[in-house]
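# Examining the three-dimensional arrangement
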Amino acid sequence: MSGMIDIIIRLTEKDDASQVSACVDSVARERLFLATTKGFSVEETCEFIQFVRNAGGVHLVAVNRGSVVGWCNITPYTFEGLTHCGRLGMGLLPEYRGRGIGKKLLAKALPQAFRNGLERIELEVFASNIAAVRLYRYFGFLEEGRKRKARKLDGMYDDIILFGLLGEECLM
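Predicted model only: the values in this text are computed from it and were never measured.

Another point: the pairing of strand β7 (residues 156–166). For a regular strand, side chains alternate in direction, first toward one face of the sheet and then toward the other. Pairing analysis gives seven bridges linking strand β5 (residues 120–126) to β7, with the strands arranged antiparallel. Bridging across to β7, valine 125 finds its partner in isoleucine 161. As paired strands, strand β6 (residues 142–153) and β7 are joined by eight bridges and run antiparallel to one another. By the bridge assignment, arginine 151 is partnered in β7 with aspartate 158. Between β6 and the antiparallel strand that follows it, β7, lie two residues; aspartate 154 among them carries a positive phi value of about 55°.

Now the structure itself:
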């Protein structure tokens, strides 16, 4: 990647849906990091962003020179008895990985989610995604379980690691 990067982390706006949709699709088509192997329509993305915000969750984007290069969302569960929990999802375009942007996204998203009233944040990550596993551990997420051979894609198996973080454990 050439040129300077000047990353801004901010709340996702409705007008970002098209770029967020393209970003998710790009990461999904790598077939490595997300459960889905293709993205979602602009309309579905717009509805999701609005749902997260209406539910008291957090949806952030990482922006470089006006272009969305990554996202982080913490979506509260809606089932009675689980509304104190949220599910984390995030991703970055390949050329922006390894630059501390994931740390910046989580450093802003986690405290906001806990301020919004969530008490627990959980996620699932493929065991092969070493950088993400390291990032979640850095922020204090604890491994709570492992689904062995949970994914089989292109003839390859991958475990899914379950992580959780309680508000009182948050290192922010």
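Glancing now at the side chain of threonine 75. By the element assignment, threonine 75 lies in strand β3 (residues 67–76). Side chain to side chain, threonine 75 and asparagine 73 meet in a polar contact 3.3 Å long. In contact with threonine 75, other than residues within four places in its own chain, are Phe48, Phe51, Val52, Cys85, Gly86 and Arg87.

Take the nonpolar core next. Ile74, Leu88, Leu105, Leu106, Leu110, Tyr136 and Phe141 are the most contacted members of the largest nonpolar core, which has 48 residues in total. Per-element tally for this core: the top contributor is helix α3 (residues 101–115), with seven residues.

Taken as a whole and assessed by the stated rule, the structure comprises twelve salt bridges. The salt bridge partner of arginine 10 is glutamate 13, with a shortest N-O separation of 4.0 Å. With relative accessibility at 23%, the residue arginine 10 sits in the partly exposed group. Look at glutamate 13 and you get partly exposed, because its relative accessible area is 41%. We note a salt bridge from arginine 146 to glutamate 143, for which the minimum N-O separation is 3.9 Å. When its relative accessible area of 40% is taken as the criterion, arginine 146 is described as partly exposed. Residue glutamate 143 is classed as partly exposed on the basis of its relative accessible area, which comes to 37%.

For the rest of this paragraph, the subject is the sheet that holds β3. The mixed open sheet is built from seven strands, whose spatial order is β1-β2-β3-β4-β5-β7-β6. Every interior strand has two partners, whereas the edge strands, β1 (7–11) and β6, have only one. Pairs of neighbouring strands in the sheet enclose a mean axial angle of 20°, with direction left out of account. Lying over the sheet, helix α1 (residues 17–28) contacts β2 (58–64), β3 and β4 (85–92), oriented at roughly 90° with respect to β3. α3 contacts β1, β2, β3, β4, β5 and β7 of the sheet and is inclined by roughly 155° relative to β2.

Cut-offs applied
Residues numbered from 1 in each chain as written. Predicted model: local features only at pLDDT ≥ 70, side-chain atom pairs only at ≥ 80, totals over all residues. Heavy atoms only, no water. Pairing = 2+ DSSP bridges. Helix = DSSP H or I, 4+ residues; strand = E, 2+ residues; numbered from the N terminus. Polar contact = N/O pair within 3.5 Å; in protein donor to acceptor, adjacent residues only side chain to side chain. Contact = heavy atoms within 4.5 Å. Core = buried A, V, L, I, M, F, W, Y, C linked by side-chain atoms within 4.5 Å. Buried < 20%, exposed > 50% of the residue type's maximum accessible area, 1.4 Å probe, protein only. Salt bridge = Lys/Arg side-chain N within 4 Å of Asp/Glu carboxyl O. Axes fitted to C-alpha atoms, helices over the stretch in contact; angles between N-to-C directions.

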